[in-house]
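Results of the structural survey
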Amino acid sequence: MPYTVPKLDDYSPEALDRAIAGLRSALEQEVAGVKSEADHEALRIRWRARTNGILTQINDSWLKAAPKEAKRDVGQRVNELKTWVEERVESAKPGAASASVTDKLDITLPGIRRPLGAEHPVVKTTNEIIGIFAKMGYSVETGPEIETDYYNFESMNFPPNHPARDTQDTIFIAGQESKPQRDRLLLRTHTSPVQTRAMEKHRPPIRVVAPGKVHRSDTPDASHSPIFHQVEGLAVDTNITFSDLKGTLDHAMKELFGSDVKTRFFPSFFPFTEPSADVQISCIFCGGKGCRKCKHSGWIELLGCGMVDPAVFAAVTQERRKLNPSDDAYNPEKITGFAFGMGVERIAMIQHGISDIGHFYSGDMRFLEQFA
Ligand SMILES: [Zn+2]
């Protein structure tokens, strides 16, 4: 019995699967019977002829007749099926395989050049920042993106139920309710937990930068993305003062944006630093005169920083004493430190005059090629 296209009255995925399987096995059987060029031509006409070929019939009796809600699914399946049938019919030509190799291979054609890859602007700026701090003796430290509540919040001096946690719009991992709060997993909202992890591992003096991805349940807009990147910094030693922090960040900003850039520090609040400050740089677009980019203030807010809160040292000491009960490496009477955190995308946007953070993640080659 030659194959005839069945009418469909059931458009469920299961019924479609059955109909497609029937068609595929019918074509396979007919292909097996092809012995000559003439057989193949007959097969080609039967399946691919524009008027009344089997593919055309499928288009009419499956796709066009499909109810509205099934159209999308049927359309997709029919398209895939068409490609398959066309290829199958072509490859059924007697001698097709050998012809395709000898006729299609022209060894005199130039080879295919694959374009060289380039660093993504976010990676590029991250590396620039790391490079600047590396020259000042900082090494790179990393931590997990899936963090515990302890490292992300508690060790950073966010007490349980503290309202400051709400400002971080945390994405929590589901099904953690049976665990104690400190062990519950979440996607880290900042790179700051790497501070604690570094101090648990190393005795002072410490100078580290921690680059990495962070997550917040933010609604995406031109300046917000639920995933973005930060570089955290931490320096701990004897006699580290706020002046050291100011000098370090002022130098880093001049390296990043040019030696004309000025910095200024404003009082701010972070649970893990005391005192805390927001750092602004003089607007690199107008030189401080005021323009749209700096909202006519002459200044652009860029990062947060502060002196490490003694409560953070206390949390580190508590953990270190689980291994060595007499550990006193982070006694806040003897050492001090500063920490800072900056958003990589924000810095890259200012460096390159990018107006929408979404460009970084769109995968649009026209955007990315500008940084190659
Ligand atoms: Zn400006």
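Values in this document were obtained by computation on a predicted structure and should not be read as measured data.

Moving on, we come to the coordination of the zinc ion. The protein atoms donating to the zinc ion are Cys 283 (SG), Cys 286 (SG), Cys 291 (SG) and Cys 294 (SG), with metal-donor distances spanning 2.2 to 2.3 Å. Look at Cys 294 and you get buried, because its relative accessible area is 4%.

Below, the discussion takes up the nonpolar core. Core analysis: the largest hydrophobic core is formed by 42 residues, its most contacted members being Phe 133, Leu 249, Met 253, Phe 257, Cys 305, Phe 340 and Met 342. When residues of this core are traced back to their parent elements, those giving at least two are helix H6 (121–135), strand E6 (227–237), helix H9 (242–257), strand E8 (273–282), strand E9 (299–308), strand E10 (336–343) and helix H11 (344–352). Ranked by residues supplied to this core, first place goes to H9 with 6 residues. Filtering out sequence-adjacent residues up to four positions away, Leu 249 remains in contact with Phe 133, Phe 265, Val 279, Leu 303, Cys 305 and Phe 340. One finds Val 5, Leu 23, Ala 26 and Val 85 within the second-largest nonpolar core, a separate group that totals 27 residues.

The strand order across the open sheet built from 3 strands is E2-E4-E3, with neighbouring strands paired in antiparallel fashion. Only two strands of the sheet have a single partner each, and these edge strands are strand E2 (146–148) and strand E3 (171–172). In this sheet, strand E4 (residues 185–187) lies alongside E2 in antiparallel orientation, the contact comprising 3 bridges. Among the inter-strand pairings, Thr 148 is bridged to a residue of E4, identified as Leu 185.

The next point concerns unusual backbone geometry. Across the chain, the bulk of peptide bonds are trans and the bulk of non-glycine residues have phi less than zero. Here the bond from Pro 204 into Pro 205 is cis, since omega is 0 degrees, no more than 30 degrees from zero. Tracing the backbone through its elements, the reader meets Pro 205 in the loop between helix H8 (193–201) and strand E5 (206–215). The linkage connecting Glu 274 with the following residue, Pro 275, adopts the cis geometry, with an omega of -5 degrees. In this structure, Pro 275 sits in strand E8. One non-glycine residue, Asn 157, lies in the positive phi region at around 70 degrees. Residue position: Asn 157 is located in the loop between helix H7 (149–152) and E3. Judged by its relative accessible area of 27%, Asn 157 is partly exposed.

Let us look at the packing of aromatic side chains. Evaluation of the coordinates by the stated rule reveals 13 aromatic pairs. Both rings, one in Phe 133 and one in Phe 340, keep their centres 4.9 Å apart while their planes meet at 25 degrees; by these two values the pair is stacked. Of this pair, Phe 133 sits in helix H6 while Phe 340 sits in strand E10; the two residues are 207 residues apart in sequence, bridging distant segments of the chain. The buried category is assigned to Phe 133, whose relative accessible area is 1%. Ring-pair connections join several aromatic residues into one group, and the members of that group are Phe 133, Tyr 138, Phe 338 and Phe 340.

This next bit is on the confidence of the model for the chain. Per-residue confidence for the chain gives a mean pLDDT of 91; residues scoring 70 or more make up 97%. Summarising per-element confidence for the chain, the mean pLDDT is lowest in helix H5 (residues 96–104) (59) and highest in strand E1 (residues 139–140) (98).

A few words on the sheet that holds E5. Read from one edge to the other, the open sheet built from 7 strands follows the order E1-E5-E6-E10-E9-E8-E7, with strand pairing classed as mixed. Every other strand in the sheet has two partners, leaving E1 and strand E7 (263–270) as the edge strands with one partner each. The pairing of E7 with E8 spans 7 bridges and is classified as antiparallel. Bridging from a neighbouring strand, Phe 270 pairs with Thr 273 of E8. Helix H10 (residues 310–323) contacts E6, E9 and E10 of the sheet and is inclined by roughly 50 degrees relative to E9.

The element E9 is extensively covered by neighbouring structure, given that 8 of its 10 residues are classed as buried. Across 8 bridges, the pairing between E8 and E9 is antiparallel. The residue of E9 that forms the bridge with Ser 282 is Trp 299. By the bridge criterion, 5 bridges tie E9 to E10 in an arrangement that is antiparallel. When the sheet's bridge partners are listed, Gly 304 is paired in E10 with Gly 341.

Turning next to the packing of helix H3 (residues 54–64) against helix H4 (residues 71–91). The N-to-C vectors of H3 and H4 enclose an angle of 170 degrees; their axes lie 10 Å apart at closest approach. Compared by their axis directions, H3 and H4 come out roughly antiparallel. The residues of H4 that touch H3, namely those facing Leu 55, Ile 58, Asn 59, Trp 62, Leu 63 and Lys 64, are Lys 71, Val 74, Gly 75, Val 78, Leu 81, Lys 82, Val 85 and Glu 86. Its residues assigned to classes, the contact of H3 with H4 shows 8 nonpolar, 2 polar and 4 charged.

The rules we used
Residues numbered from 1 in each chain as written. Predicted model: local features only at pLDDT ≥ 70, side-chain atom pairs only at ≥ 80, totals over all residues. Heavy atoms only, no water. Donors = N, O, S within 2.8 Å, 3.2 Å for Na, K, Ca; no water. Buried < 20%, exposed > 50% of the residue type's maximum accessible area, 1.4 Å probe, protein only. Core = buried A, V, L, I, M, F, W, Y, C linked by side-chain atoms within 4.5 Å. Helix = DSSP H or I, 4+ residues; strand = E, 2+ residues; numbered from the N terminus. Contact = heavy atoms within 4.5 Å. Pairing = 2+ DSSP bridges. Phe/Tyr/Trp six-rings, centres within 6.5 Å; stacked < 30°, edge-to-face > 60°. pLDDT = per-residue confidence, 0-100. Axes fitted to C-alpha atoms, helices over the stretch in contact; angles between N-to-C directions. Parallel < 35°, antiparallel > 145°, perpendicular 65-115°, else oblique. Nonpolar A, V, L, I, M, F, W, Y, C, P; charged D, E, K, R; others polar.

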